[in-house]
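Descriptive structure summary
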Amino acid sequence: MSEDARLVAWVRGRVQGVGFRWFTRAKALEIGGLSGFALNLADGRVQVVAEGPREGCEGLLAWLQGDDTPGRVDGVTEIWDTPRGGYDGFAIR
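None of the values given here were measured: they were computed from a predicted structure.

This paragraph deals with the sheet that holds strand E5 (residues 90–92). Read across the sheet, five strands follow the order E4-E1-E3-E2-E5 without closing on themselves; strand pairing throughout is mixed. The outermost strands of the open sheet, each flanked by one partner alone, are strand E4 (72–81) and E5. Averaged over all pairs of adjacent strands, the angle between strand axes in this sheet comes to 15 degrees, irrespective of strand direction. Across nine bridges, strand E1 (residues 4–14) lies against E4 in antiparallel orientation. When the sheet's bridge partners are listed, Ala9 is paired in E4 with Glu78. Running at roughly 170 degrees to E5, helix H1 (residues 20–31) makes contact with E1, strand E2 (35–40), strand E3 (46–53), E4 and E5 of the sheet. Each of E1, E3, E4 and E5 touches helix H2 (residues 54–65); the most contacted strand, E3, lies at about 155 degrees to it.

The next point concerns the pattern of salt bridges. Considering all chains together, one arrives at six salt bridges under this definition. In this structure, Asp74 and Arg72 form a salt bridge, with 2.8 Å as the shortest nitrogen-oxygen distance.

With that settled, the discussion passes to the packing of aromatic side chains. Inspection of every chain in the model, using the stated rule, returns three aromatic pairs. Summarising the aromatic geometry, the rings of Trp22 and Phe23 are spaced 5.0 Å apart at their centres and angled 80 degrees between planes, so their arrangement reads as edge-to-face. According to the relative accessible area criterion, Phe23 is partly exposed, its value standing at 39%. Their ring planes at 55 degrees and their centres at 5.8 Å tell us that Phe37 and Tyr87 sit as a pair that is tilted. Separated by 50 residues along the polypeptide, Phe37 in strand E2 and Tyr87 in the loop between E4 and E5 bring together distant segments of the chain. Over the aromatic face of Trp80 sits the side chain of Arg54, whose NZ or CZ is 4.1 Å from the ring centroid. One Lys or Arg, Arg93, reaches over the ring of Phe37 and ends 3.9 Å from the middle of that ring.

When the UniProt feature table is mapped onto this chain numbering, "active site" (unreviewed entry) sits at Arg21 and Asn40. Spatially, the listed residues are clustered: although they cover 20 residues, their C-alpha atoms lie within 7.8 Å of one another. Mapped onto the fold, Arg21 is located in helix H1. Once you skip the residues sitting within four places of it in the chain, Arg21 turns out to touch Ala38, Leu39, Asn40, Val46, Ile92 and Arg93. Structurally, Asn40 is set in strand E2. For Asn40, a relative accessible area of 28% gives the class partly exposed. Apart from residues lying up to four places away in sequence, Asn40 is in contact with Val15, Gln16, Arg21, Arg45, Val46 and Arg93.

Cut-offs used in this document
Residues numbered from 1 in each chain as written. Predicted model: local features only at pLDDT ≥ 70, side-chain atom pairs only at ≥ 80, totals over all residues. Heavy atoms only, no water. Pairing = 2+ DSSP bridges. Helix = DSSP H or I, 4+ residues; strand = E, 2+ residues; numbered from the N terminus. Axes fitted to C-alpha atoms, helices over the stretch in contact; angles between N-to-C directions. Contact = heavy atoms within 4.5 Å. Salt bridge = Lys/Arg side-chain N within 4 Å of Asp/Glu carboxyl O. Phe/Tyr/Trp six-rings, centres within 6.5 Å; stacked < 30°, edge-to-face > 60°. Buried < 20%, exposed > 50% of the residue type's maximum accessible area, 1.4 Å probe, protein only. Lys NZ or Arg CZ within 6 Å of the ring centre and 35° of its normal. UniProt positions renumbered as here; feature names shortened; annotations may be inferred.

Here it is in structure tokens:
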């Protein structure tokens with residue numbers, strides 16, 4: 001049985017205005033079992049919150065850190081926590 005987790009990641013680089021949130025949502029839906037959101041922040045970063053099976057969250061984090069994202073990712077800071085719930089699917093905010 002898979003342990004559920006909460007991933008909060010802040011992605012910095014050229015990640016706004018390039019479809020980053022849309023592709024993040026698409027990747028989360030492709031992985032399956034994840035809920036949460038992707039949000040543009042005023043300082044140019046994108047915040048990603050994902051809850052679901054830990055393996056799925058780890059897969060999304062690996063994608064965020066990889067070379068297959070739109071734009072240019074200069075770095076990702078993440079924290080792990082226990083799920084809080086309350087999300088209906090994976091949204092773009």
